[in-house]
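For reference, the chains in residue letters:
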Amino acid sequence: MAMDEPLVMGIETSCDETGIGIVRGTTLLADEVASSVAEHARFGGVVPEIASRAHLEALLPAVTRACERAGVALSDLDAISVTAGPGLAGALLVGTSAAQGLAWSMGVPIYGVNHLAAHVAVDRLEHGPLPQPAIALLVSGGHTSLLRVDDVTADVTPLGATLDDAAGEAFDKVARLLGLPFPGGPHVDRVARQGDPNAIAFPRGLTAGKDQPRHAHNFSFSGLKTAVARWIDQRRAAGEDIDTADVAASFQEAVVDVLTAKAIAAAKGSGIDHLLIGGGVAANSRLRAMAQQRCDAAGIELRIPRPDLCTDNGAMVAALGAAMVTAGVPASGLDIAADSSAPVTEVTVG
Ligand code: KG4
Ligand code: ZN
């Protein structure tokens, strides 16, 4: 770790995780995450007002813990970066307000950054500076996109995205159909390990017929979710037992098959031999294994950060902020505004 690299604090509050990360260059020094997920569980989804209040309560204690963990004082920081979008408007506002206050009081620059780009940039902390260009598959609770990333601090081009549900959303909805807790992704992942991924042939959206060329880089998961619901309903109506593990494994296999096939096809089609996978669903064990297998076969170098860096955290925001400082990207003004629907092309937000 070179001490001349920028020391940056990242603040993440776009959904239900309050994340404070501290990095020096590409070295992770602290990653404090406080989650309000337990408070949302009984509603079966994130309740924005509850999330905002939880961020307000968790944020400053997390800042203190992160500084202690990293062994730095607030006055040592070179910059603060904060998720300014996309995300829940009220939740984002808590993070950007805190970042403005801290940056102003310490007289350091502030970077309003894109949450989606941060999911891609976080891999710097594990595997070093990103290969340029790279294809990135971004799979989270709210987004599913294929991107061409020429420079994660400035130049991200969307190749395709989901036409309906995000991959994580599909996991969460199918988990609910199976009576598993919210958020369902990790539970489906766990239960699927005991099941047969080939037990049920669930549909692979936008992979066949005339859909394939027209939507080569797009995804659709709502038909899959409906197919799972119908399959369960039919068995229940016939009084048959449902093997939860087989349904979970077969559903997961369908999602992962489509995600990896399309990501690798995008890489091959663009002549790019680096694939990055990021976002909460990138924590999925089957996705990680199949992506590795298929990339090895295709001669593509795969990079996926370790699971706890895939789900929302502050380190990813700090990682992108530090990359911006190093690249000489101009800081945002102190008056940054959160943008709840910021597109992925806007790497600097507000
Ligand atoms: O990136 P993230 O933490 O938050 C958003 O930006 O949305 O992603 C959360 C999503 C949820 O839908 C969650 O169920 C899913 O990621 N997820 C998983 C796994 N861990 C988290 N999905 C499948 N398998 C997992 N192991
Ligand atoms: Zn996320």
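Remember, it's a predicted structure, so these values are computed and weren't measured experimentally.

**Re the pairing of strand β4 (residues 79–85)**
For β4, the tally of buried residues reaches seven of seven residues, placing the bulk of the element in the interior. Inspection of the sheet shows strand β1 (residues 7–12) paired to β4 by four bridges, in the parallel sense. Across the sheet, the residue bridging to Val8 is Ala79, located in β4. Where β4 meets strand β5 (residues 110–114), five bridges bridge the pair, whose relative direction is parallel. Across the sheet, the residue bridging to Val82 is Gly112, located in β5. As for the winding sense of the linkage, the β-α-β connection from β4 through helix α3 (residues 89–106) to β5 is right-handed.

**Remarks on the coordination of the zinc ion (ligand 2)**
Metal coordination angles in their ideal form are 109.5 degrees for the four-donor tetrahedron and 90 or 180 degrees for the six-donor octahedron. Donor atoms from the polypeptide that coordinate the zinc ion (ligand 2) comprise His115 (NE2), His119 (NE2) and Asp312 (OD), at 2.0 to 2.1 Å from the metal. Each donor residue of the zinc ion (ligand 2) lies on the same chain, and together they follow the pattern H-x3-H-x192-D. In this pair, His115 is assigned in helix α4 (residues 115–121) and Asp312 in the loop between α12 (307–310) and α13 (315–327), connecting sequence segments 197 residues apart. Of the residues examined, His115 reaches a relative accessible area of 6% and is grouped as buried. Using a relative accessible area of 15% as the deciding quantity, one classes Asp312 as buried.

**So, empty space enclosed by the protein**
Using the criterion set out here, one finds one cavity of 30 Å³ or more in the structure. Approximately 30 Å³ is the volume found for the largest cavity. Around the largest cavity sit His119, Val120, Asp123, Ala136, Leu137, Leu276, Ile277, Gly278 and Pro305, which together line it. Elements with a minimum of two residues in the lining of the largest cavity: α4, β6 (134–139) and β9 (274–278). Counting residues per element, the lining of the largest cavity draws most heavily on β9, at three residues. Here the residues of the lining of the largest cavity sort into six nonpolar, two polar and one charged.

What counts as what
Residues numbered from 1 in each chain as written. Chains lettered and ligands numbered in written order. Predicted model: local features only at pLDDT ≥ 70, side-chain atom pairs only at ≥ 80, totals over all residues. Heavy atoms only, no water. Buried < 20%, exposed > 50% of the residue type's maximum accessible area, 1.4 Å probe, protein only. Helix = DSSP H or I, 4+ residues; strand = E, 2+ residues; numbered from the N terminus. Pairing = 2+ DSSP bridges. Right-handed = clockwise from strand over helix to strand, strands pointing away. Donors = N, O, S within 2.8 Å, 3.2 Å for Na, K, Ca; no water. 1 Å grid on protein atoms, 1.4 Å probe; cavity = no way out; pocket = protein on both sides within 12 Å on 5 of 7 lines; lining within 4 Å. Points joined across faces, edges and corners; volume = space filled by probe spheres on them. Nonpolar A, V, L, I, M, F, W, Y, C, P; charged D, E, K, R; others polar.

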